[in-house]
Amino acid sequence: MKLAYLFLGPMALFFLAGCSCVLSTSGGDLLTFVGCAVREFTFLAKKPGCRGLRITTDACWGRCETWEKPILEPPYIEAHHRVCTYNETRQVTVKLPNCAPGVDPFYTYPVAVRCDCGACSTATTECETI
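Residue numbers restart at each chain and count upward from 1, following the sequence in its written direction. Local features in this predicted model are restricted to residues of pLDDT 70 or higher, and side-chain atom pairs are both shown and tallied only at a pLDDT of 80 or more, whereas totals for entire chains, interfaces and linings draw on every residue. Excluding hydrogens and water, the side-chain values take into account all heavy atoms of the structure.

Peer 1: Mind showing me how you'd approach the overall build of the chain here?
Peer 2: Numbering of helices and strands runs from the N terminus, with a helix taken as a DSSP run of H or I at least four residues long and a strand as a DSSP run of E at least two residues long. A count of helices and strands for the chain gives one helix and seven strands. For every residue, the accessible area obtained with a 1.4 Å probe (protein chains only) is divided by the maximum for its type, and the residue is called buried under 20%, exposed over 50%, and partly exposed between those limits. Residues counted as buried form 32% of the 130 residues belonging to the chain. Two residues qualify as a contact provided that any one of their heavy atoms is within 4.5 Å of a heavy atom in the partner residue. Excluding contacts between residues fewer than 6 apart, the proportion of contacts in the chain whose partners are at least 24 apart in sequence is 62%. Surface exposure of the chain reaches about 8,200 Å², of which carbon and sulfur atoms provide 56%. Shrake-Rupley sampling with a 1.4 Å probe provides the accessible areas, and residues are treated as covered by the protein chains on show and by no other component.

And the structure:
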């Protein structure tokens, strides 16, 4: 017996603070979308000694099909868990405004180029269990 679940993939890019999504399709499409895609994402880039800078970038967003089924031998469960994760990224560097003397004003962040449903890697994705 298969149990199908949808797992909402991670929205955060490397634990970015102050984020909000910029969604360009209708709410109905987002509720039924299954898969993984590059989406526009806005966050506030901050570091001590500098003012914040609002940045709009690309991030991975989506829901990937997952399932579990019981089996008779250890580990007694067969699991297929996939998350929306980064397949390819590039780095972008910006200069934060009004930094105090002696503070490095440059801030580097990743930009999603390609996203796929796959195994969760803590190197690029905030992995959480349900």
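Peer 1: Sorry if this is basic, but what is going on with the packing of aromatic side chains here?
Peer 2: Here the distance between the centres and the angle between the planes together describe a pair of aromatic rings. For Phe, Tyr and Trp, rings pair up if their centres lie within 6.5 Å, where Trp contributes its six-membered ring, and each pair is then called stacked (planes under 30 degrees apart), edge-to-face (over 60) or tilted (otherwise). Per the counting criterion, the structure on display carries four aromatic pairs. Ring geometry for Phe43 versus Tyr107: centroids 6.4 Å apart, planes at 40 degrees, classification tilted. One end of the pair, Phe43, is in strand β3 (residues 35-45); the other, Tyr107, is in strand β7 (residues 106-118), with 64 residues separating them in the sequence. Residue classification places Phe43 among the buried positions, given a relative accessible area of 0%. Taken together, the ring pairs connect Phe41, Phe43, Tyr107 and Tyr109 into an aromatic cluster. Look at NZ for Lys and CZ for Arg. If either is within 6 Å of the ring centre and within 35 degrees of the ring normal, a charge sits over the ring. Taking NZ or CZ as reference, Arg39 lies 5.6 Å from the ring centre of Trp61, over its face.

Peer 1: What exactly am I supposed to notice about the pattern of salt bridges here?
Peer 2: Two side chains with opposite charge may pair up if their charged atoms get near one another. Between Lys or Arg on one side and Asp or Glu on the other, a salt bridge is scored when a side-chain nitrogen of the former is within 4 Å of a carboxyl oxygen of the latter. Following the criterion strictly, the structure yields two salt bridges and no others. One salt bridge connects Glu78 with Lys69, and the closest N-O pair in it is separated by 3.6 Å. Assessed through its relative accessible area of 34%, Glu78 is described here as partly exposed. We note a salt bridge from Arg114 to Glu88, for which the minimum N-O separation is 2.9 Å. Taken together, the residues span a long stretch of sequence, with Arg114 in strand β7 and Glu88 in strand β6 (residues 83-95) at a distance of 26 residues.

Taken by themselves, the reported measurements are silent on function.
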